[in-house]
Amino acid sequence: MGVVLSVVTALALRCLVAKASVLSLLAIVPFPSNDSSVGWSRGLELVPAGLLALKHINDTPEVLKGHTLELVVKEGEGCGASVVVKDIYSLYQELQVVGGRKVVGVVGLPCSTPAGALSKLAGHVGLDVIQISGSSSPALSDRVKYPRLYRVASSVGIVDSIISFMKDAKWKRISVYSDEQGLYFKTIAQLLVNAVRNDTEMKLGNEGGGLTAQTDVPSVEKILNVTSSIQNKIKVIIGTEHQCSVFLCAAYKRNRTWPGYVYILPDRDVKELLNTDVCDAQTMMKAVEGVFTVKVALSVANDSVLISGKTYQEYRLEYVQELSAYSERTGYPLDSFDNIYVNSLYDEVWSFALALNSSVHVLDARNLSLENFRFNSGQISDVLEEALQKLEFQGASGRISFKNNRQPITSFSMHQIVSGRAVLVATYNGSLTITENFSLVHLPPDSISIDRVYILDPLWLMIIIVCICGLSLILLVFNAALLIRYRNGHDIKASSPSLSLLMFVGCILLDASVLAFTFRNMYTISNEVFSVILCNAELWSLSLGTNLIINTLFVRLFRVYRLFQPNNFKKAGRMCRDEMLVIYILLLTTYSVLVLLIWAVSDLYQMQEEVVLVYASDATSPYFRVEQHCGCSYETLWLSLLFLLSAVLTLGVVLLAVLTRHVKKSHFKDTKKVNICIFTSILALTTLLTLWKLFDAIELHSWAHLTLSVAVLFVPMACQVTLYVPKTVPYLCCPTLHSARTIKSQQGLLHSIYRL
């Protein structure tokens with residue numbers, strides 16, 4: 001049943017006089033498809049309405065006297081198709097030249113992409129034939145691109161209906177999310193975005209896009225967590241039924257649904273949204289609650305009398321019977337009664353019949369006739385077009401008229417989904433009419449006010465961090481002063497004061513990074529330039545401080561390792577002098593400086609805000625808080641590159657600490673201190689970072705940031721306590737120790753080490 005189907009129906013009552021010639025209308029509609037990439041493909045449900053129109057036309061003696069209309073049905077691409085492979089020129093060749101049929105026009109084409117691709121060919125040399133499409137896409141309104149295309153409905157007014165409804169609801173802020181591939185969706189989104197931009201009273205959040213065929217719930221959750229998305233509570237979702245279902249399902253999981261948030265879905269209905277496998281049925285029912293849908297109103301009142309003389313209710317009853325019979329003939333299970341697009345094909349066939357009927361006398365006066373029609377008959381198509389532009393009648397989809405520059409008269413209906421069913425809340429036909437079923441009084445506001453709650457809250461947590469940082473700085477100043485005062489002491493001199501000072505600089509930078517972090521979370525940083533400076537100061541001080549400490553430890557241990565290798569003391573000594581070690585440390589630090597410079601130029605590290613939904617135990621509903629943080633587009637990549645060398649050197653430090661732990665020289669106990677510092681730091685950092693991730697996972701954000709700050713501050717504290725306090729305190733207690741030990745050290749191994 002997936003092959004191209006051709007159904008030719010010639011309906012004429014045998015009790016009437018046989019008509020002289022048969023005129024064919026080519027109906028191109030999408031056939032049922034199991035392809036997940038194809039959107040709407042219920043085109044065969046339209047065909048029975050076209051056949052019913054033929055029956056009514058051929059039952060009317062005054063319409064096309066002497067002619068019979070027939071419908072030739074061919075398969076076209078489904079809605080959402082990215083590529084149109086059907087060749088309409090070949091279809092004409094097959095039907096008219098080979099089959100001998102007089103194809104006087106094209107109907108159907110309910111999907112915008114196939115309609116646009118095929119309609120561009122019509123009206124040009126070799127294929128001058130009129131097409132009447134059921135697609136309502138605004139993109140098909142271009143008369144230059146589609147010179148012979150007419151439509152019974154247009155979605156151009158759908159934007160005006162949304163804007164009018166928003167203004168009545170006192171909404172001035174809106175975010176638009178749309179499919180990035182589909183022609184129809186992109187056009188509607190662009191029209192809506194342009195309308196909001198041109199309206200001085202309205203403000204625009206997201207400006208369309210954001211949805212693709214690969215859109216899933218996690219990707220939408222990221223969209224919903226953006227600050228502007230949280231603040232703008234009115235969202236218009238323009239996309240396929242799958243994309244809309246994914247968006248609503250993600251919104252429900254993030255607790256961003258009615259009545260807190262409003263979603264408006266053009267050209268979607270409740271049954272499409274509920275018949276999805278994105279969420280389970282119960283979840284989806286809750287997700288669609290309160291959602292507004294806006295659709296072209298392709299139906300009329302039941303008692304309206306149509307061009308055929310039938311009431312709309314009578315026509316629909318006949319359609320159901322025709323649908324059942326057609327389903328049996330074709331073998332397709334067509335049992336849907338909710339496809340209102342069927343009314344379009346009924347009116348398209350009637351439009352052609354009336355235009356052909358009006359053209360007969362005009363063609364006779366010009367010595368032309370419908371019997372001579374060919375698909376390149378430009379003169380006859382001109383006459384048919386003149387007749388179409390004069391038409392006006394009551395159709396099943398509404399009032400049909402092509403007088404207004406080929407723009408049909410189209411009404412729109414807005415429904416709200418309540419308990420799984422669509423309730424009519426408004427209609428639009430040039431002006432908005434609110435129904436009695438709906439009240440604008442209790443609608444939510446268009447934006448949300450978000451209270452700023454700082455990360456480091458309560459205050460005592462900030463005080464703890466500042467106190468620990470202050471203690472680290474006091475200890476650092478104390479040790480630095482004593483090292484400088486007693487720089488000639490043998491213990492101090494043996495550990496290379498210049499290397500110690502470099503490590504002190506690293507400790508100061510780490511303390512400064514924590515202070516910058518604390519300041520950033522204590523105050524709102526509104527100045528953009530200052531926020532960039534603060535973020536980069538925090539980043540540079542953290543990176544360079546870490547590098548200086550690790551590089552210094554690595555170089556010191558490497559020197560000890562080389563010196564105490566068998567028969568290697570003199571050879572290694574020349575390369576391990578203090579001035580050479582300082583150069584090594586600075587060269588290693590250059591790597592971080594280069595990465596930081598490239599990072600600053602290519603992807604600026606700056607202040608960002610994230611609005612977090614917080615569920616408080618003492619609140620009846622969740623609230624929002626703003627968290628400021630520094631970041632950039634590729635933050636993870638840059639951080640990985642920045643600390644790559646430090647990670648490698650840290651492994652080297654651990655290895656060297658193991659290799660040098662058995663050094664037995666009685667006056668060279670500095671290695672033991674370094675080993676204690678390294679292993680203590682690794683153990684403490686592992687514990688603290690584990691606690692940080694644990695607190696962050698259970699959303700104790702204040703404790704998580706406190707733990708992270710303590711982890712950073714522990715490194716300089718460990719260096720001061722394990723490496724320098726044991727050296728400096730004895731000098732503080734006994735100043736004469738300096739001169740006494742210096743005299744004893746002018747011999748043997750220590751004499752050689754001092755000279756290094």
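Residues numbered from 1 in each chain as written. Predicted model: local features only at pLDDT ≥ 70, side-chain atom pairs only at ≥ 80, totals over all residues. Heavy atoms only, no water.

Participant: Even after reading the chapter, I still don't get the sheet that holds strand E15 (residues 421-428), so can you show me in this structure?
Facilitator: Note: strands within a sheet are paired through backbone hydrogen bonds, in either parallel or antiparallel orientation. One open sheet holds the eight strands; their spatial order is E8-E7-E9-E10-E11-E14-E15-E16, and the pairing between them is mixed. Each edge of the open sheet is held by one strand with a lone partner, namely strand E8 (203-211) and strand E16 (432-434). On average, each strand axis in the sheet is tilted by 25° relative to the strand beside it, whichever way the strands run. In the sheet, strand E11 (residues 292-296) pairs with strand E14 (residues 412-418) via five bridges, with the strands oriented antiparallel. Bridge pairing links Val296 to Phe412 in E14. (Pairing = 2+ DSSP bridges. Helix = DSSP H or I, 4+ residues; strand = E, 2+ residues; numbered from the N terminus. Axes fitted to C-alpha atoms, helices over the stretch in contact; angles between N-to-C directions.)

Participant: Explain the state of the cysteines to me, please; I cannot follow it from the model alone.
Facilitator: Here a disulfide denotes a covalent bond joining the sulfur atom of one cysteine to the sulfur atom of another. One pass over the full model with this rule turns up two disulfides. Each sulfur of the disulfide joining Cys535 and Cys630 lies 2.0 Å from the other. Note on the Cys535 and Cys630 pair: the S-S dihedral is about -80°, so by sign convention the disulfide is left-handed. One end of the pair, Cys535, is in helix H17 (residues 528-563); the other, Cys630, is in strand E18 (residues 623-631), with 95 residues separating them in the sequence. Assessed through its relative accessible area of 0%, Cys535 is described here as buried. Its relative accessible area of 6% is what places Cys630 among the buried residues. (Disulfide = S-S within 2.5 Å. Buried < 20%, exposed > 50% of the residue type's maximum accessible area, 1.4 Å probe, protein only.)

Participant: It is not clear to me how the pairing of strand E3 (residues 67-76) should be interpreted in this structure. Could you clarify?
Facilitator: It is a general feature of regular strands that their side chains alternate between the two faces of the sheet. Counting buried positions along E3 gives 10 out of 10 residues, so the element sits mostly inside the fold. Burial along E3 is two-sided: the residues His67, Leu69, Leu71, Val73 and Glu75 and Thr68, Glu70, Val72, Lys74 and Gly76 are all buried.

Participant: For this particular structure, what's the right way to read the pattern of salt bridges?
Facilitator: Close approach of charged atoms lets side chains of opposite charge pair. For the structure on display, the rule yields seven salt bridges. Note that Arg148 is salt-bridged to Asp382, the shortest N-O span being 2.6 Å. Linking Arg148 in the loop between strand E5 (131-133) and strand E6 (149-151) with Asp382 in helix H13 (residues 378-388), this pair joins segments that are 234 residues apart in sequence. For Arg148, a relative accessible area of 7% gives the class buried. As a salt-bridge pair, Arg329 and Glu322 come within 3.8 Å of each other at their nearest N and O atoms. Given a relative accessible area of 52%, Arg329 falls into the exposed group. One connected set of salt bridges, linked through shared partners, spans Arg148, Asp382 and Glu385. (Salt bridge = Lys/Arg side-chain N within 4 Å of Asp/Glu carboxyl O.)

Participant: Sorry if this is basic, but what is going on with the packing of helix H1 (residues 47-58) against helix H12 (residues 342-365) here?
Facilitator: Two packed helices can be described by the angle between their axes and the distance between those axes. In contact at an axis separation of 7 Å, H1 and H12 are set at 35° when each is read in the N-to-C sense. Between H1 and H12 lies a crossing whose hand is right-handed. Judged by residue contacts, Val47, Ala49, Gly50, Leu52, Ala53, Leu54, His56 and Ile57 of H1 engage Val342, Leu345, Tyr346, Val349, Trp350 and Ala353 from H12. Split into classes, the residues belonging to the contact of H1 with H12 amount to 12 nonpolar, two polar and no charged. (Left-handed = near helix turned anticlockwise from the far one by under 90°. Contact = heavy atoms within 4.5 Å. Nonpolar A, V, L, I, M, F, W, Y, C, P; charged D, E, K, R; others polar.)

Participant: How should I be thinking about helix H3 (residues 112-119) in this particular structure?
Facilitator: Count 3.6 residues to each turn of an α-helix, and residues three or four apart come out pointing the same way. For H3, the tally of buried residues reaches seven of eight residues, placing the bulk of the element in the interior. Every buried residue of H3 is listed here: Ser112, Thr113, Pro114, Ala115, Gly116, Leu118 and Ser119.

Participant: Help me out: how do you make sense of the pairing of E8 in this one?
Facilitator: As paired elements, strand E7 (residues 173-179) and E8 share five bridges and run parallel to each other. Residue Val176 lies in a different strand from E8, and its bridge partner there is Glu207.

Participant: What is the right way to look at the nonpolar core in this model?
Facilitator: One broad trend across soluble globular proteins is that nonpolar side chains are buried collectively. If you look at the biggest cluster of nonpolar residues, it comprises 59 residues, and the most contacted ones within it are Leu44, Leu69, Leu71, Val73 and Tyr315. With 11 residues, H12 is the single largest residue contributor to this core. Beyond its immediate sequence surroundings of up to four residues, Leu44 is in contact with Val29, Pro30, Phe31, Pro32, Val73, Tyr326, Tyr332 and Leu334. Counting residues in hydrophobic clusters, the runner-up holds 36 residues, among them Val176, Met202, Val425 and Leu443. (Core = buried A, V, L, I, M, F, W, Y, C linked by side-chain atoms within 4.5 Å.)

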